[in-house]
Every structure is written in structure tokens, then in C-alpha cells.
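Working through the structure, step by step
The chain contents come next:
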Amino acid sequence: MKTIICDNYEELSLQGAKLIAAQLTQKPDSILGLATGSTPVGMYQKMIEMNQKGELDFSAVTSFNLDEYFPITPDNPQSYRYFMEKNLFEHINIRREYTFVPAGNVENVEEECLRYDAAIDAAGGIDLQVLGIGQNGHIGFNEPDDYLYCGTHLTPLTESTINANARFFDSTDEVPKHAVTMGMKSILKARTIILLASGKSKHGAVSALLDDRITTDCPATLLKLHPNAILICDKDAYNG
Ligand code: PGA
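Now for a description of the structure that goes with this document.

Cut-off values and rules
Residue positions within a chain follow its written sequence, with the count starting from 1. It should be noted that, the model being predicted, local features are given only for residues of pLDDT at least 70 and side-chain atom pairs only at 80 or more, the latter also being counted only at that level, while totals for whole chains, interfaces and linings use all residues. Excluded from the side-chain calculation are hydrogens and water; included are all heavy atoms of the structure. All axes here are fitted lines through C-alpha atoms, helices being fitted over the stretch that makes contact, and every angle between N-to-C directions spans 0 to 180 degrees. The helix and strand labels rest on DSSP assignments: H or I over at least four residues marks a helix, E over at least two residues marks a strand, and numbering proceeds from the N terminus. Here roughly perpendicular refers to angles of 65 to 115 degrees, roughly parallel to angles under 35, roughly antiparallel to angles over 145, and oblique to all remaining angles. When the near helix sits turned anticlockwise from the far one by under a right angle, the crossing is termed left-handed; a clockwise turn instead gives a right-handed crossing. Two residues qualify as a contact provided that any one of their heavy atoms is within 4.5 Å of a heavy atom in the partner residue. Residues are grouped as follows: Ala, Val, Leu, Ile, Met, Phe, Trp, Tyr, Cys and Pro are nonpolar; Asp, Glu, Lys and Arg are charged; all remaining types, including Gly, are polar. When DSSP finds two or more bridges between a pair of strands, those strands are recorded as paired. Residue proximity to a molecule or strand is established when one non-hydrogen atom of the residue lies within 4 Å of it. Throughout this description, a polar contact denotes any pair of N or O atoms lying within 3.5 Å of each other; where both atoms belong to protein, one of them has to be capable of donating a hydrogen while the other can accept it, and for residues adjacent in sequence the pair is counted only when both atoms sit in side chains. Method for areas: the Shrake-Rupley scheme with a 1.4 Å probe, in which residue coverage is limited to the protein chains shown.

1. Describing the packing of helix H1 (residues 9-26) against helix H2 (residues 41-52)
The contact between H1 and H2 brings their axes to 8 Å, and the two run at 55 degrees. One finds that H1 runs oblique with respect to H2. Judged by the twist between their axes, the crossing of H1 over H2 is right-handed. Residue-level inspection shows Tyr9, Glu10, Ser13, Leu14, Gly16, Ala17, Lys18, Ile20 and Ala21 of H1 in contact with H2, the latter providing Val41, Gly42, Met43, Lys46, Met47 and Met50. Of the residues that constitute the contact of H1 with H2, the class distribution is nine nonpolar, three polar and three charged.

Put into C-alpha cells, the structure is as follows:
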């Protein structure tokens with residue numbers, strides 16, 4: 001993995017936005033894979049600024065988000081669809097009907113998962129996938145386990161992830177216990193991957209990315225198999 005070490009979160013956000021800008025300059029109708037969580041918010045703000053200054057155009061972009069809580073409705077303020085609207089889509093010139101987030105409110109979730117992977121393939125596959133990383137090394141909601149899934153699937157959230165995400169809810173009890181997430185193959189098929197990691201709490205997970213081993217106990221380590229994966233981290237995440 002190529003590694004870019006930034007002084008701080010501000011610089012990390014700018015580096016990420018510059019890679020998105022380079023991608024869109026090269027291919028204005030790129031398919032972007034997007035992520036939620038607090039880490040990409042700074043990068044999304046930079047992308048919004050660039051768009052509003054006329055430096056970055058999203059008018060031909062299609063996006064697919066990594067995951068969504070289950071069950072949840074898209075208008076629920078805790079949903080990832082809502083998060084994307086508020087933190088990015090509402091502020092840029094992306095065509096809303098070309099922004100996709102797995103549905104958290106369908107009856108047949110298996111069908112939704114198959115449909116989601118098929119929709120990514122039909123769009124031409126993801127050109128650039130943005131990822132955050134969990135303290136436990138998850139990417140999307142591919143949680144540490146003896147085995148991981150290839151395709152988009154419904155997954156229970158681990159206690160560590162529920163506790164980490166409780167800060168967005170009134171109480172831990174309110175955090176949904178399941179999510180629909182792109183699987184490892186869906187993620188690794190992206191032509192370029194950028195993984196953003198900020199803060200000391202990510203140091204353990206980032207350390208696992210910097211040696212030569214891969215393990216399903218830290219799903220992000222599978223990114224080492226990808227020919228074009230870039231880790232952008234700040235000094236706190238890198239040094240601990
Ligand atoms: P965070 O989440 O950016 O809010 O730390 C990252 C993740 O859990 O993937």
C-alpha cells in the first residue's frame with residue numbers, strides 16, 4: 001500500500017480531496033465509492049469548497065455508498081443516506097438520482113444485496129473507493145471474523161462498532177444492531193482505493209496495515225492485495 005502521512009486532519013482532508021479532484025479531471029463521469037463516519041467529513045468539506053469555487057464538477061458523477069444501517073429509513077437522521085445528503089450531496093452539483101446507498105428498509109434484504117452489487121457492475125464498476133477504518137480494522141461493516149464475505153450482505157455489528165458509533169445516538173441501545181455492507185470483493189474490485197485514518201484511536205488498525213501480513217481479524221489488511229490502494233493517515237494515526 002502506498003502510504004501518505006499528513007501532519008494533521010486538515011492536511012489529510014486536503015490530500016483526499018485532491019485525489020478525488022485528480023480522478024474527476026481524468027474521468028469526469030467517474031463512479032465514486034463513498035463512505036460515512038467522521039473521518040471523511042473534512043474531505044467532503046474540501047470537495048464542497050472546490051465545487052462551489054467551480055474547481056470540481058460532479059455533474060457526470062455516479063456514487064455508491066459502502067453501507068447502511070439495517071433496519072432504518074432513508075429519512076431517519078441517523079441513516080447513512082441522510083448523512084450523505086447533509087455532509088455532501090446537498091452542497092454539490094451531483095445528480096441525486098445517480099447517488100446510491102444500500103436500502104436499509106427493504107423486506108427482502110438478500111435481494112437488495114444482489115441488486116446493489118449488480119448495479120455497481122452495471123454502472124461500470126467503482127473507479128475510486130473512499131474508505132474509513134474502524135478501530136477494530138473493519139472497512140465498511142466487514143467486521144473482524146474467521147471469514148469475510150465477498151458480496152454485499154447483511155451483517156451484525158460487533159460490540160466494538162456499536163460502542164464506537166454510539167456517539168451519534170442518544171444511547172448505545174439506539175444503535176442499530178445490523179447493517180447492509182459492501183463485501184470485500186465489492187470493495188477490492190474498485191480500481192483505486194483511498195483509506196483515510198485519523199487520530200490515535202486508529203493507530204492499532206493502521207499499524208496492522210504497515211507490516212507484510214493479512215488477516216481476517218483486521219479486514220483492512222486485505223487491501224494489501226490491491227494494486228492501487230493508498231493509505232492517507234495523520235501523524236496521530238501513524239505514530240500513536
Ligand atoms: P470514523 O469511522 O470515521 O467515524 O472513525 C470509520 C469506520 O468505522 O469505518
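2. Considerations on the sheet that holds strand E9 (residues 192-197)
In spatial order, the strands read E1-E10-E9-E6-E2-E3-E5; together these seven strands make up an open sheet with parallel pairing. Each edge of the open sheet carries a strand with a single partner, namely strand E1 (2-6) and strand E5 (99-100). Examined bridge by bridge, strand E6 (residues 128-131) and E9 share four bridges and lie parallel to one another. Across the sheet, valine 130 pairs through a bridge with isoleucine 194, a residue of E9.

3. Some thoughts on the sheet that holds strand E8 (residues 178-181)
By definition, the strands of a sheet pair up through backbone hydrogen bonds, in either a parallel or an antiparallel sense. Taken in spatial order, the three strands make up an open sheet running E4-E8-E7, and their pairing is antiparallel. Every interior strand has two partners, whereas the edge strands, strand E4 (67-70) and strand E7 (153-156), have only one. Across this sheet, the average inter-strand angle for adjacent strands is 30 degrees, counted without regard to direction. Pairing geometry for E7 and E8, over four bridges, is antiparallel. Within the sheet, the bridge partner assigned to histidine 153 lies in E8 and is threonine 181. Against the sheet, helix H4 (residues 109-123) engages E4, E7 and E8, with an angle of about 120 degrees to E7.

4. Section: unusual backbone geometry
Here the amide bond leading from phenylalanine 70 into proline 71 is cis, since omega sits at -10 degrees, within 30 degrees of zero. Position of proline 71 relative to the elements: it lies in the loop between E4 and helix H3 (80-87).

5. Details of the site of the ligand
Surrounding the ligand, one finds Gly37, Ser38, Thr39, Gly132, Ile133, Gly134, His138, Arg167 and Lys202. Contacts to the ligand include serine 38, whose backbone N or O atom sits 2.8 Å from an oxygen atom. Within the complex, 83% of the 280 Å² of free accessible area of the ligand lies under protein. A per-class count over the shell around the ligand returns one nonpolar, six polar and two charged.

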